[in-house]
Number of protein chains: 2
Amino acid sequence: MSALPQVVQKLIEEFEKLPGVGPKSAARMAYHYLRASRESAERLSALILDVKNKVKSCEICYNFTENSPCSICSDPGRNQNLLMVVEEPLDVVAFDRVGIKEEGGFGGVFHVLGGVISPVNSVGPEDLRISELIKRIEGMQDCVEIIIATNPNLEGEATAMYIYEEIKNRVLERVKITRLARGLPTGADLEYADYTTLRRAIEGRTEL
Amino acid sequence: MSALPQVVQKLIEEFEKLPGVGPKSAARMAYHYLRASRESAERLSALILDVKNKVKSCEICYNFTENSPCSICSDPGRNQNLLMVVEEPLDVVAFDRVGIKEEGGFGGVFHVLGGVISPVNSVGPEDLRISELIKRIEGMQDCVEIIIATNPNLEGEATAMYIYEEIKNRVLERVKITRLARGLPTGADLEYADYTTLRRAIEGRTEL
């Protein structure tokens, strides 16, 4: 397209690689930086490199962090025997937003798998941090609860089952394994709820 | 949020400034770069600066370009007396995609206003390239056609009317001023079309 300077075209192509960004959004984003101040362009440019240079995996939970162990793993106020297994670092952010235990939220620590078992994308158990999880649980002294918080979809369920079996096989009697509650999300419209969600909502009904 | 490294938080905030990017998309974009290769991060980082350094305004049409005059203004195959007035550089890209005249598209040149008159955002006519447009038309020797192609919304219409009056006031008899056709977009659903669109579609009906 002759109307687009080549360097703008390249920037659009880079933005298009971002998750959830299509050609039109990418173009709008590129033009935003043409119009934005030089400072704001320099800031983004530097931050992208900064993130790559400063951020690493926490040696304990594999969450992204600037210092390892991360602030969650090194927080003495958290229950180190309550371990939530999640797929991605963004899931940690979501649960952390819920607040700590005193505020009625989650007061434990995390273990980031780094994905889900997915034969379609050729991701096997050995590509995830499952053996690290087992080793971590084996190293724990007290009774522990493992909350498997993979996503409530096909791949998440399969991964949860695999992890459950792995832990069970090691007959860790002091380990309690739980899953997140399934049911209707807050604000849901019953009319539009899918079959499985409705079934789970009935199965898991609670007394008032 | 303790779960987020500070530098990631900052990158998310930068991404949030992009048009159409909310907090969740921004977080997903930031995490994309944590996972992406160093090369791809370096590429985006460099391109953002490149765009700022290499791209300028075309001295004739004010479109973004690496070389001024831009490839459209310096194209001898284009009709320099057919001038389309648009709000933004992205509009040039959209019309350029339609193709050149031989392919049944637009074969003329452009004039980028750099926005619309908008009292709400305190943008007045003097903030746009309207005086430059008048000067450009005055400098043209032959009969010319000016297609005012601002967006079909309130501010676009007001800007179009203002430009129309400005050109008329200078009694340029050899200037023909046109607007883009209004009516139903291709693929539209009549049931969901708004009142104004339907009215325009009836008013502007064409014989089969």
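Refer to the structure presented above.
Being a predicted model, the structure only gives us computed values, none of them experimental.

Parameters and conventions
Residues numbered from 1 in each chain as written. Chains lettered and ligands numbered in written order. Predicted model: local features only at pLDDT ≥ 70, side-chain atom pairs only at ≥ 80, totals over all residues. Heavy atoms only, no water. Contact = heavy atoms within 4.5 Å. Buried area = accessible area lost by both parts, 1.4 Å probe. Salt bridge = Lys/Arg side-chain N within 4 Å of Asp/Glu carboxyl O. Helix = DSSP H or I, 4+ residues; strand = E, 2+ residues; numbered from the N terminus. Buried < 20%, exposed > 50% of the residue type's maximum accessible area, 1.4 Å probe, protein only. Pairing = 2+ DSSP bridges. Axes fitted to C-alpha atoms, helices over the stretch in contact; angles between N-to-C directions.

Participant: Looking at this structure, I do not really get the interface of chain A and chain B. What am I missing?
Facilitator: Accessible area lost during the coming together of the parts is what is often quoted as the interface size. Each partner contributes to the interface: chain A provides 57 residues, whereas chain B provides 56 residues. With both sides pooled, the region where chain A packs onto chain B buries about 5,300 Å², and carbon together with sulfur makes up 69% of that total. For the pair chain A and chain B, the number of links is four salt bridges. With a shortest N-O distance of 2.9 Å, Glu14(A) and Arg43(B) are connected by a salt bridge.

Participant: I'm lost on the environment of Asn67(B) in this one. Help?
Facilitator: All names here are of chain B. Residue position: Asn67 is located in the loop between β2 (64-65) and β3 (79-86). Asn67 sits in the exposed class, given a relative accessible area of 57%. As a C-alpha pair, Asn67 and Leu11 span 56 residues in sequence and 32 Å in three-dimensional space.

Participant: Before we go on, may I ask you to explain the sheet that holds strand β5 (residues 144-148) of chain A in this structure?
Facilitator: The pairing of strands in a sheet comes from backbone hydrogen bonds and takes either a parallel or an antiparallel form. Residue and element names in this part refer to chain A. Taken in spatial order, the four strands line up as β4-β3-β5-β6 in an open sheet, and their pairing is parallel. Pairing within the sheet leaves two strands with one partner each, and these edge strands are β4 (108-112) and β6 (175-179). Looking at each pair of strands side by side, their axes are set apart by 25° on average, direction ignored. Two elements, strand β3 (residues 79-86) and β5, share four bridges in a ladder whose sense is parallel. Across the sheet, residue Met84 finds its bridge partner in β5, namely Ile147. Relative to the sheet, helix α5 (residues 130-138) contacts β3, β4, β5 and β6, its axis offset from that of β4 by approximately 150°.

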